[in-house]
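Examining the three-dimensional arrangement
Here is how the chains run, residue by residue.
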Amino acid sequence: MARILLIAEHDGTTLNPSVAKTVACAAEIDAAEIDVVVFAESASQVATEAAGLDSVLRVLTVENAANKHPLGAVLAPQVVALADGYSHIFGPSTTFGKDLMPRVAALLGVNQISDIMSVEGSHTFKRPIYAGSAIVTMEAPADAPVVATVRSASYRAIGGSNSAPVESVECAVELPAHTRFVDLQAGSSDRPDLQTASRVIAGGRALGSEEDFDLIYTLAEKLGAGVGASRAAVDAGYVPNEMQIGQTGKIIAPDLYIAIGISGAIQHLTGIKDAGTIVAINKDEEAPIFEVADIGLVGDLFTILPELSEAL
Amino acid sequence: MKKILVGLKRVVDYNVRVRVKSDGSGVETDGVKMSINPFDEIALEEALRIKEKGAADEVVVVSIGSADSQQQLRTGLAMGADRAILVETGESVDTLSCARALLEIVNREDPILVIVGKQAIDDDNIQTGQMLATLWNRPAASFASQLEVDGDTVRVVREVDIGLETIEVDLPAVITADLRLNEPRYVKLPDIMKAKKKPLDQIPFADLGVVAGPQIKQVLFEPPSEREKGIMVDDVQGLVAALKDKGLV
């Protein structure tokens, strides 16, 4: 039997969508008993949401003023204090999970598996390496806890018709004071979230400026789509960092992905290869993006985009 | 003396199209161009800038790997590092052992900062910096896009999924460098010549007394599944028709 402890990511009021996907991965392990733990200053709202996720056995809450902002250094010792008896400790492969889980693994003295994309057995998993150019099957030893992050784009959110019990627990461990939260500048939230949107439109360097990126926003509004960008567009300052898609940015899996003026470097493609349908619009017919596109259109984005916004 | 330790990993170059070996035992690295992991290059650049501003006195680059990693360390020295340490091993080293080995070097060198790339572009693990800091019982500011050393603390802007988070950490600390922290300098020919005279210590991995944790086996390497070949449309009308056809709009 597998006993799985899953670390919930949240913003104090809402559960991050990656959690339902991480639960979906955990539920693929045979005879899994899944506990979700919420570390927060005040956990009830998030805990209720987590308790609704199918396959969750219990929700544990650890309420502490020190847990107001999710700092990996502060959370890791608390996770370890709860870890006894669990065969697996999972977190989402978001910046939250990527920062936290290696610390948990280090405290437990084990190696960590990053970005699980499929479960092959209770201790056997597949994950991408080299920006997705290779897939490796990893076999973890059965006599040590499996600490892992789960690649959200590989899973569909698990259903939400559960009502698991919520239990408050104490973590009597000393917490480090060497790391302090200062401030968070969150991007605009009036557009659909890039990682959960069913449609995503992304622009590349070919947009040429921050102003012309409006062409992408206009089309996105028309389609109710999330908006992303290539690394080049972020580096050029057209859009903020949280919009970057790819190996070092976000990995997405929308039903429809439209890449506009993005050449399609391997580092970008790894972030979109799970999309249902990929549409590419680019003036260079040799652009590698066309190798993965389901629908390609060669042409000038500055004439195509207004036409497309009009036609939809 | 205030030191900054920078980790440099030798990896398959960013521009190489990586191929899986036909027997599934790994990826092709024979005859493939190798470079410093790009994120580690950014880490080194940041260390050099901190030294140039007077907040540190010495930059030491360290690599764990085969004797070939000397090439990447020499490049680091040419960029401006003062000396290099190669922890030499012919075996592949798991991340926990790598962090434990780095901790040994940290204990010997006593740096104020350790800066490493946020991830290596070969195994894409994103673990080493956080593991090292945890074993060292010191802070790790991961995914740094901006940092400022101010006395005994560092203020770090981190690239997180929802935007930019600022945290403050006490020194000594580990920082992991994200893409937009800086743009690394180009190496000039005279610097390459100068780098040949800079010290490069070689320490056998076994001499560090690292005890390995439980091993995770990599049992099979496969190429990713290919997407099916798509269609090309001639104009916006064709695109809209194709999207409608698939029920997407």
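Since the structure is predicted, the reported quantities are computational estimates derived from the model, not experimental observations. (Residues numbered from 1 in each chain as written. Chains lettered and ligands numbered in written order. Predicted model: local features only at pLDDT ≥ 70, side-chain atom pairs only at ≥ 80, totals over all residues.)

1. What about the nonpolar core?
In this structure, Val38 and Ala50 of chain A together with Val6 of chain B are the most contacted members of the largest nonpolar core, which totals 137 residues. When residues in this core are grouped by element, the largest group, eight residues, is from helix 3 (residues 95-109) of chain B. Apart from the residues within four sequence positions on either side, Ala50 of chain A is in contact with Ala8, Leu15, Val19, Val36, Val38, Val56 and Val59 of chain A. Leu215, Ala259 and Ile278 of chain A together with Leu239 of chain B belong to the second-largest nonpolar core, a separate cluster that totals 55 residues. (Core = buried A, V, L, I, M, F, W, Y, C linked by C-beta atoms within 7 Å. Buried ≥ 20, exposed ≤ 12 C-beta atoms within 10 Å, placed from the backbone. Helix = DSSP H or I, 4+ residues; strand = E, 2+ residues; numbered from the N terminus. Contact = placed C-beta atoms within 7 Å.)

2. Some details on the environment of Leu194 of chain A
All names here are of chain A. By the secondary structure assignment, Leu194 is in the loop between strand 11 (179-186) and strand 12 (199-203). With 49 residues separating them in the primary sequence, Leu194 and Met243 have C-alpha atoms 7.6 Å apart. The residues touching Leu194, leaving out its near neighbours within four places in the chain, are Val200, Gly226, Gly228, Met243, Lys250 and Ile252.

3. Quick notes on the packing of helix 4 (residues 95-108) of chain A against helix 4 (residues 128-136) of chain B
Here helix 4 of chain A crosses helix 4 of chain B at 45°, and the two axes come no closer than 8 Å. On the basis of the axis angle, helix 4 of chain A is oblique to helix 4 of chain B. Considering only the axes of helix 4 of chain A and helix 4 of chain B, their crossing is right-handed. Together, Asp99, Pro102, Arg103, Ala105, Ala106 and Leu107 of chain A of helix 4 of chain A and Gln130, Met131, Thr134 and Leu135 of chain B of helix 4 of chain B make up the contact between the two elements. In terms of residue class, the contact of helix 4 of chain A with helix 4 of chain B is made up of six nonpolar, two polar and two charged. (Axes fitted to C-alpha atoms, helices over the stretch in contact; angles between N-to-C directions. Parallel < 35°, antiparallel > 145°, perpendicular 65-115°, else oblique. Left-handed = near helix turned anticlockwise from the far one by under 90°. Nonpolar A, V, L, I, M, F, W, Y, C, P; charged D, E, K, R; others polar.)

4. Digging into the environment of Thr248 of chain A
One can find Thr248 of chain A in the loop between helix 6 (231-235) and strand 14 (256-260). Its 26 C-beta neighbours within 10 Å are what place Thr248 of chain A among the buried residues. Residues Thr248 of chain A and Lys273 of chain A, spaced 25 residues apart in sequence, show a C-alpha to C-alpha distance of 15 Å. Excluding its chain neighbours within four sequence positions, the residues that come into contact with Thr248 of chain A are Gln267 of chain A together with Leu179 of chain B.

5. Some words on the sheet that holds strand 12 of chain A
With parallel pairing, six strands are arranged side by side in an open sheet as 13(A)-12(A)-14(A)-15(A)-16(A)-13(B). Two strands lie at the open edges of the sheet, namely strand 13 (226-229) of chain A together with strand 13 (231-233) of chain B, each paired on one side alone. Taken pair by pair, the neighbouring strands of this sheet meet at an average axis angle of 20°, ignoring direction. Its contacts with the sheet put helix 5 (residues 214-223) of chain A on strand 12, strand 13 and strand 14 of chain A, and the angle it makes with strand 12 of chain A is roughly 175°. Where helix 6 (residues 236-245) of chain B meets the sheet, it contacts strand 16 (295-298) of chain A together with strand 13 of chain B, and its direction lies at approximately 135° from that of strand 13 of chain B. (Pairing = 2+ DSSP bridges.)

6. So, unusual backbone geometry
Omega for the bond connecting Leu171 of chain B with Pro172 of chain B falls within 30 degrees of zero, at -5°, which places this linkage in the cis form. Looking at the element boundaries, Pro172 of chain B is found in the loop between strand 9 (163-170) and strand 10 (173-177). Phi at Ser55 of chain A takes a positive value of approximately 75°, unusual for a residue other than glycine. Relative to the elements of secondary structure, Ser55 of chain A occurs in the loop between helix 2 (44-51) and strand 3 (56-63). Positive phi values are uncommon outside glycine, yet Asn137 of chain B reaches one of about 60°. Along the polypeptide, Asn137 of chain B turns up in the loop between helix 4 and strand 7 (140-150). The exposure class assigned to Asn137 of chain B is exposed, which follows from the 10 C-beta atoms found within 10 Å.

7. Side note on the interface of chain A and chain B
How large an interface is tends to be reported as the accessible area lost when its parts come together. Contacts between chain A and chain B engage 66 residues on the former and 64 residues on the latter. Of all the elements in the fold, those that place two or more residues in the side of chain A that touches chain B are helix 3 (72-82), helix 4, strand 5 (112-116), strand 8 (134-139), strand 11, helix 6, strand 16 and helix 9 (301-311) of chain A. Here the side of chain A that touches chain B is composed, by residue class, of 33 nonpolar, 19 polar and 14 charged. Note: strand 8 of chain A against strand 12 (residues 217-222) of chain B, five bridges, orientation antiparallel. In the sheet register, Ile135 of chain A faces strand 12 of chain B, and the bridge partner there is Glu222 of chain B.

8. Some thoughts on the domain arrangement of chain A
Residue and element names in this part refer to chain A. Domain boundaries assigned for chain A yield domain 1 (2-168) and domain 2 (199-311). The centre of domain 1, based on its C-alpha atoms, is set 31 Å off from the matching centre of domain 2. Listed by partner, the interface residues are seven residues for domain 1 and nine residues for domain 2. Broken down by class, the residue content of the side of domain 1 that touches domain 2 amounts to three nonpolar, three polar and one charged. (Domains from an automatic or database assignment.)

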